[in-house]
Amino acid sequence: MRLNLIVSFAAILLLTSCNKNKEMMNALADYNTAKESTGYHFGDKLQLPKEVTDNVESITISFMQGESSNLIIDPQFFSLGDNKVVFVIKAKNGETFNQDATINVFTKAKEKNVAYQIVAEYPHNPAHFIEGFVLEGNTVYESDGLEKESQLIKYTLGATAPSIIRKQPADIFSEGCTIVGNKVYQLTYLNKIGFVYDKNTLEKLSDFPLPNVIGEGWGLTYDGKDLVATDGSKYLYFLDVNTPSKVIKTVGVAGNTEIYEHLNELEYHKGFIYANIWHKPVIVKIDPKTGEVVERYDFTKLTSENDQGDSEHVLNGIAFKGDNMLVTGKNWAKIYEVAFK
């Protein structure tokens, strides 16, 4: 009889413990889901539910970069945007549980919507599926995409006929390009390779493999020290200009309530990186030190006037002429020079 009582009591304790653990994990899951939309800011502390804190011995958050137990949104471990983490929960009964979660980190300041006015228009060859766009002086360097049609060209702003054309092999899909000194660097979309050309002649000098972390080549710019690339994600990848296969650092990009995925064509200008968002008529101004989007420019009107009803004829070209921005897109017939108000 006594043995039966002991077994029954142990079963009750086990059932109670299991129920507490289940309640604790459910509460943590509900909390994580609720916080995904509102997100956190750097410096915030995770205020976990009482059902969790009352029943645990320790909580650790595991990241790709390491782990932390102080539950602070620390830029050492978190980037702006979505962060995939694992909560490692050690319960008071000695059991350990893991739970996957997404922690979204947003900026404290809201990005500013900036108005503009068109101050000049230039012709652009509408046959060109533009991927990279750079202006130096009055000379445009343009990378055009699509297999069997990819090319790197050079022309005078205002002209539609290139002065130099460098055709790509049929299997190459060209993407973003930028200038470093006397060289032009160019990415490819799925070929996992980049090219280096002589700026004056567009003769190919060399090629390089893209870093493994970059799944696809999208946009490219140069900040005076490093190459900066995008791959269609929320990340800016800073690459060693002398060894472009080497990633120096990675920065996630977000605003006050939005994670900016599909970063595409890039341009560096006076300490900031400008990026268009693929399939959106928007360009954002990014602080490259933090990934914070500080300004947005809405080019809905220009896009609707130039896409000819084709959803692939997107805004996709950013350059600077002095402090004015040049804007164009895939198969657009115009390049617009805009001044900001």
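This text follows the structure it describes.
Because the structure is predicted, anything quoted here is derived from the model rather than measured. (Residues numbered from 1 in each chain as written. Predicted model: local features only at pLDDT ≥ 70, side-chain atom pairs only at ≥ 80, totals over all residues. Heavy atoms only, no water.)

A. Representation of the overall build of the protein in the model. Looking only at helices and strands, one finds three helices and 25 strands in the protein. Here the protein has a C-alpha radius of gyration of 25 Å; the compact-globule value for 341 residues is 20 Å, and the former is much larger. Taken along its principal axes, the extent of the C-alpha atoms in the protein is 100 × 40 × 35 Å. The buried share among the 341 residues of the protein stands at 49%. (Helix = DSSP H or I, 4+ residues; strand = E, 2+ residues; numbered from the N terminus. Rg over C-alpha atoms; globule rule 2.2 N^0.38 Å. Buried < 20%, exposed > 50% of the residue type's maximum accessible area, 1.4 Å probe, protein only.)

B. Up close: the layout of surface pockets. The volume enclosed by the largest pocket comes to roughly 420 Å³. Taken together, 16 residues make up the lining of the largest pocket; nearest its centre are M64, Q65, S79, N83 and Y235. Elements with a contribution of two residues or more to the lining of the largest pocket: β3 (81–91), β17 (235–240) and β18 (247–252). In terms of residue class, the lining of the largest pocket is made up of nine nonpolar, five polar and two charged. (1 Å grid on protein atoms, 1.4 Å probe; cavity = no way out; pocket = protein on both sides within 12 Å on 5 of 7 lines; lining within 4 Å. Points joined across faces, edges and corners; volume = space filled by probe spheres on them. Nonpolar A, V, L, I, M, F, W, Y, C, P; charged D, E, K, R; others polar.)

C. Broad picture of unusual backbone geometry. For K270, which is not glycine, the phi torsion reads 50° and is therefore positive. Secondary-structure assignment places K270 in the loop between β19 (263–269) and β20 (272–277). Here K270 falls in the exposed class, since its relative accessible area comes to 60%. In the Ramachandran plot, Q308 falls in the positive-phi region, its phi being about 50° despite a non-glycine side chain. Its location among the elements puts Q308 in the loop between α3 (300–306) and β23 (315–321). With relative accessibility at 57%, the residue Q308 sits in the exposed group.

D. Spotlight on the pairing of strand β14 (residues 204–209). As judged from the five bridges shared by strand β13 (residues 193–198) and β14, these two strands associate in the antiparallel manner. The partner of I193 across the bridge, within β14, is P209. Linking two consecutive strands that pair antiparallel, namely β13 and β14, is a turn of five residues; a positive phi of about 60° is found at L202 within it. (Pairing = 2+ DSSP bridges.)

E. Just empty space enclosed by the protein, in detail. Applying the stated criterion across every chain, the model contains one cavity of 30 Å³ or more. Taken as a whole, the largest cavity spans an internal volume of roughly 30 Å³. Every residue lining the largest cavity is listed: H124, N125, H128, E142, I153, Y155, A159 and T160. Looking at the lining of the largest cavity, its residues break down into three nonpolar, four polar and one charged.

F. Representation of the pattern of salt bridges. In this structure the tally under the stated criterion is 15 salt bridges. Between E203 and R166 there is a salt bridge, with the nearest N and O atoms lying 3.0 Å from each other. Taken together, the positions of E203 in the loop between β13 and β14 and R166 in strand β10 (residues 164–167) put the pair 37 residues apart, joining distant regions of the chain. Two residues, E258 and R296, come together in a salt bridge whose shortest N-O distance is 3.3 Å. Linking E258 in the loop between β18 and β19 with R296 in strand β22 (residues 292–298), this pair joins segments that are 38 residues apart in sequence. Given a relative accessible area of 25%, E258 falls into the partly exposed group. Among the ionic contacts, a cluster of salt bridges with common partners joins E258, K280 and R296. (Salt bridge = Lys/Arg side-chain N within 4 Å of Asp/Glu carboxyl O.)

G. Quick look at the sheet that holds strand β21 (residues 282–287). The five strands are arranged β5-β22-β21-β20-β19 in an open sheet whose pairing can be described as mixed. The outermost strands of the open sheet, each flanked by one partner alone, are β5 (112–113) and β19.

H. Spotlight on the packing of aromatic side chains. In the structure shown here, the tally under the stated rule is twelve aromatic pairs. Ring geometry for F63 against F77: centres 4.9 Å apart, planes inclined by 15°, an arrangement best described as stacked. A residue pair is termed long-range when its members are at least 10 positions apart, and F63 in strand β1 (residues 56–63) and F77 in the loop between β2 (66–68) and β3 qualify at 14 residues. Judged on exposure class, the residue F63 and its partner F77 are both buried. (Phe/Tyr/Trp six-rings, centres within 6.5 Å; stacked < 30°, edge-to-face > 60°.)

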